[in-house]
Amino acid sequence: MSARQYSWKDSLIYFLPILLIVIVPVIIWIVWNVKTGRYTNMDVSNRIQRKTLYIFIATCVIAYIAYNYFRNGYIDFVLLFVLILLFALQVSNFFIKSSMHTAFNIFVAALFFALNWKMGIIWLGIAALVGITRVVLKRHTPKEVLMGAAIAFTVSFIYLYCNIQFQH
């Protein structure tokens, strides 16, 4: 997305903090928890184990949102909605283990859809394949994948609506 609107240098400057504040710490957190036995697998399939994962990811996203706000003077709209999606998945986790993989891929489809509807449709197909593989790999039941999808569609719809409203 950044490379479309900015130079490669500016895109890297935008992405590097996300990589260092959110992505790398989350990867290290998951690997460390698997190696120490706190998580049974890299997917964090256990509903009870997921609670700490949600909290850690949310903390990283909040740290990035704060960093970006103090550095650039605005709240990153996309990461704000990632935080909302995480919160909704965490709440659903009290009742049913929703598929984070499916949910995040549906949200990415919405991000692409906001830029190019064809890419959004293609990524939505990828999200459907991800949901199917979650069931095939026995990481989720169809009900859990559908719950993750429903949550993501709701958050994505609100994101797209707000994105359209703020552009006009």
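Worth saying up front: this structure is predicted, and the values here are computed from it rather than measured. Note that residues are indexed from 1 along each chain, following the sequence as it is written. Local features in this predicted model are restricted to residues whose pLDDT is 70 or higher, and side-chain atom pairs enter the listing and the counts only when it is 80 or higher, whereas totals over whole chains, interfaces and linings include all residues. Values reported for side chains reflect all heavy atoms of the structure, with hydrogen atoms and water molecules removed beforehand.

S.K.: What am I meant to see in the packing of aromatic side chains here?
M.R.: Each aromatic ring pair is summarised here by two numbers: the centre-to-centre distance and the angle between the ring planes. Any two of the Phe, Tyr and Trp rings considered here, Trp counted by its six-membered ring, make a pair once their centres fall within 6.5 Å; the pair's planes then place it as stacked at under 30 degrees, edge-to-face at over 60, or tilted in between. All chains considered together, the criterion is met by 10 aromatic pairs. Ring centres 6.0 Å apart and planes at 50 degrees place the aromatic pair Trp-29 and Trp-32 in the tilted group. Here Trp-29 and its partner Trp-32 are both found in helix α2 (residues 8–35), 3 residues apart, which amounts to about one turn of the helix. Measuring from centroid to centroid gives 6.3 Å for Tyr-64 and Tyr-67, while their planes differ by 40 degrees, and the two rings are tilted. Taken together, the positions of Tyr-64 and Tyr-67, both in helix α3 (residues 47–72) and 3 residues apart, correspond to about one turn of that helix. You can call Tyr-64 buried: its relative accessible area is 1%. Take Tyr-67: its relative accessible area is 31%, and that puts it in the partly exposed class. Counting from the N terminus, the helices are the DSSP runs of H or I reaching at least four residues and the strands are the DSSP runs of E reaching at least two. Working definition: with a 1.4 Å probe on protein chains only, accessible area under 20% of the residue-type maximum means buried, over 50% means exposed, and in between means partly exposed.

S.K.: Explain unusual backbone geometry here, please?
M.R.: Glycine aside, residues mostly have negative phi angles, and peptide bonds mostly take the trans form. Of note in the backbone geometry, Val-44 takes a positive phi value of approximately 50 degrees without being a glycine. Phi is positive for Lys-138, close to 60 degrees, though the residue is something other than glycine. Take Lys-138: it is sitting in the loop between α6 (117–136) and α7 (142–167).

S.K.: How should I be thinking about α2 in this particular structure?
M.R.: Note on helix geometry: an α-helix contains 3.6 residues per turn, so any two residues three or four positions apart are oriented the same way. Of all the bends found along α2, the most pronounced is centred on Leu-19 and spans about 45 degrees. Taken together, the buried positions of α2 are occupied by Ser-11, Pro-17, Ile-18, Val-22, Pro-25, Val-26, Ile-30 and Asn-33. Immediately downstream of α2, the backbone of Gly-37 shows phi near 85 degrees, a positive value. Take the seven residues that end at a residue and the seven that start at it, fit an axis to each, and the angle between those axes is the bend at that residue.

S.K.: Is there a simple way to think about the environment of Leu-89 in this case?
M.R.: Looking at where Leu-89 falls in the secondary structure, it is placed in helix α4 (residues 77–93). For Leu-89, a relative accessible area of 0% puts it in the buried group. As for Leu-89 and Tyr-54, which are separated by 35 residues in sequence, their C-alpha atoms are 8.3 Å apart. In contact with Leu-89, other than residues within four places in its own chain, are Tyr-54, Ser-98, Met-100, Ala-103, Phe-104 and Ile-151. Residue contacts follow a heavy-atom distance rule, with two residues in contact if any of their heavy atoms lie within 4.5 Å.

S.K.: Help me understand a nonpolar patch on the surface in this model?
M.R.: What makes a patch is a set of residues exposed beyond 30% relative accessible area and free of salt bridges, joined within 9 Å when like-charged and within 5 Å when nonpolar (Val, Leu, Ile, Met, Phe, Trp, Tyr). Note on areas: Shrake-Rupley, 1.4 Å probe, and residue coverage restricted to the protein chains presented here. Counted as salt bridges are all cases of a side-chain nitrogen of Lys or Arg within 4 Å of a carboxyl oxygen of Asp or Glu. A cluster of nonpolar side chains, namely Leu-12, Leu-16, Leu-20, Val-24, Ile-28 and Trp-32, defines an oily patch on the protein surface of about 560 Å² accessible area. A relative accessible area of 32% places Val-24 in the partly exposed class.

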